[in-house]
Each structure stands twice: as structure tokens, then as C-alpha cells.
Amino acid sequence: MNIKYDVLVSAQEISEKVNTLGAELTELYSGEEVVVIPILRGAFMFAADLIRAMDVPVRVEFLGVASYGEETVSSGEVRLTLDTSFPLHDKNILIVEDIVDTGLTLAYIQKLLQSRKPKSIRSVVLLDKPSRRTVEVDLHRTLFTIPDKFVVGYGLDGPGGFWRNLPDIVALREEMENTHSE
Ligand code: IMP
């Protein structure tokens, strides 16, 4: 596949930061159980690496969300496509999200999960695009701050649902944003 892109964050940089975060969370949750909730689909790869760097009893539940509207712009109107399968009351919840842009998606998720009265709730986010934030969200950790560019790779998809399997996080060049070439 012949695509043009610029690497923003390399696989090596991701691996180092994810392992550091895993060690930090191991210390934070020492003696506790954690329900890790990756947000589908973009956070699946980040979560898979993160939980392997966490040495505490972890359960994994998935939450699926889709945002109505254009493919590259969040409308803020979020639709739940998959819900968790057991009660979260009195549990330590760790939300794992791929990217916070306007903040609307994560704000919706936090409100939803908070309503289930967990013991604690924290959000760890791989990528932060602070320049487009329209709503304040409570972030425990963000690993990389990036400029306002549409990025793909390491689990994040682009046009047509492609590019999730790139090991680096990359910004597609302008001419690639609306097309997919073989
Ligand atoms: P927000 O609601 O504007 O914060 O958007 C967050 C969601 O939009 C993320 O969970 C992603 O699914 C998606 N998103 C935002 N920016 C990008 C991007 O650059 N690449 C891929 N997905 C993105």
C-alpha cells in the first residue's frame, strides 16, 4: 500500500511511555483490583499493551461508542454501541481512551460510568489534542500532546477504517485524508 504520512510518535516512544504508565498504575492501585475499560475501537492496542505493563489484578470490560456526524469531526452526539457486562458499583474504573480532541466523547463516557457509583474513576489517554477542546475533562494521564492533525496508527483508524495496524502514530498527508490508495 502506497501511502504518504509523517510519523508523529514512533512505536519505540509509545512503548517506553506505556511501560512507564503501567508501572505508575501498578503503584497507584497496589493492593486493589482494577476494571480496565478500553473504549472501542481506537483504544484496543493501547489497552492491550498497558494491561501487560500493570502488575495488579485487572479485569477488562469494553465500552463501545460512536459519534454521529462526519468521520473526522466529533459531533458531540455520542451513541453507545457496546456496554459493560457487570456492575461497576464500588469498583476502581480505569478508562483507556485513544485520543481526546474536543473532549465531548470522554465527557459522555465519564458521566455515564460515574452514574454507576464506582469506588474510583480515572482516565488515561494516549493522545491529547488540546487546541480543539470545547469541554473540560478530568484526565489522570495523557501520554503525548499532539497538534491539531488527523492521526492514524497504533489502533486509531482513518478514512474507510484503515491504518489501525501501523505501529507508529502518523499524520496522513493532506492528499491522503480523503482517499485510500492500494
Ligand atoms: P472528541 O469527542 O472530539 O474528543 O473526539 C474523540 C474521538 O474522536 C476519539 O475517541 C477518536 O475516536 C476520534 N478522533 C479524534 N481525533 C482523531 C484522530 O486524529 N484520529 C482518529 N480518531 C480521532
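Residues numbered from 1 in each chain as written. Predicted model: local features only at pLDDT ≥ 70, side-chain atom pairs only at ≥ 80, totals over all residues. Heavy atoms only, no water.

A.B. asks: Explain the pattern of salt bridges here, please?
C.D. replies: Two side chains with opposite charge may pair up if their charged atoms get near one another. One pass over the structure, following the stated rule, counts 9 salt bridges. Residues Arg-173 and Asp-6 are paired through a salt bridge, measuring 2.9 Å at the closest nitrogen-oxygen approach. Of this pair, Arg-173 sits in the segment after strand E10 (169-172) while Asp-6 sits in strand E1 (residues 5-9), placing them 167 residues apart in sequence. Given the relative accessible area of 34%, Arg-173 is considered partly exposed. When its relative accessible area of 33% is taken as the criterion, Asp-6 is described as partly exposed. Here Arg-132 ties to Asp-148 by a salt bridge, and the two come within 3.6 Å at their closest N and O atoms. Taken together, the residues Arg-132 in the loop between strand E7 (120-128) and strand E8 (141-145) and Asp-148 in the loop between E8 and strand E9 (151-152) connect sequence positions 16 residues apart. (Salt bridge = Lys/Arg side-chain N within 4 Å of Asp/Glu carboxyl O. Helix = DSSP H or I, 4+ residues; strand = E, 2+ residues; numbered from the N terminus. Buried < 20%, exposed > 50% of the residue type's maximum accessible area, 1.4 Å probe, protein only.)

A.B. asks: Please clarify how unusual backbone geometry should be interpreted in this entry.
C.D. replies: Among all residues except glycine, the phi angle is most often negative; among peptide bonds, the trans geometry is most common. With an omega dihedral of 5°, the bond running from Leu-40 to Arg-41 counts as a cis peptide bond. Within the secondary structure, Arg-41 sits in the loop between strand E2 (34-40) and helix H2 (44-52). For Lys-117, which is not a glycine, the phi torsion comes out positive at approximately 55°. Topologically, Lys-117 is positioned in the loop between helix H3 (104-114) and E7. When its relative accessible area of 56% is taken as the criterion, Lys-117 is described as exposed. With phi around 50°, Tyr-154 is a residue other than glycine that occupies positive phi space. Residue placement: Tyr-154 occurs in the loop between E9 and E10. Residue classification places Tyr-154 among the buried residues on the basis of a relative accessible area of 5%.

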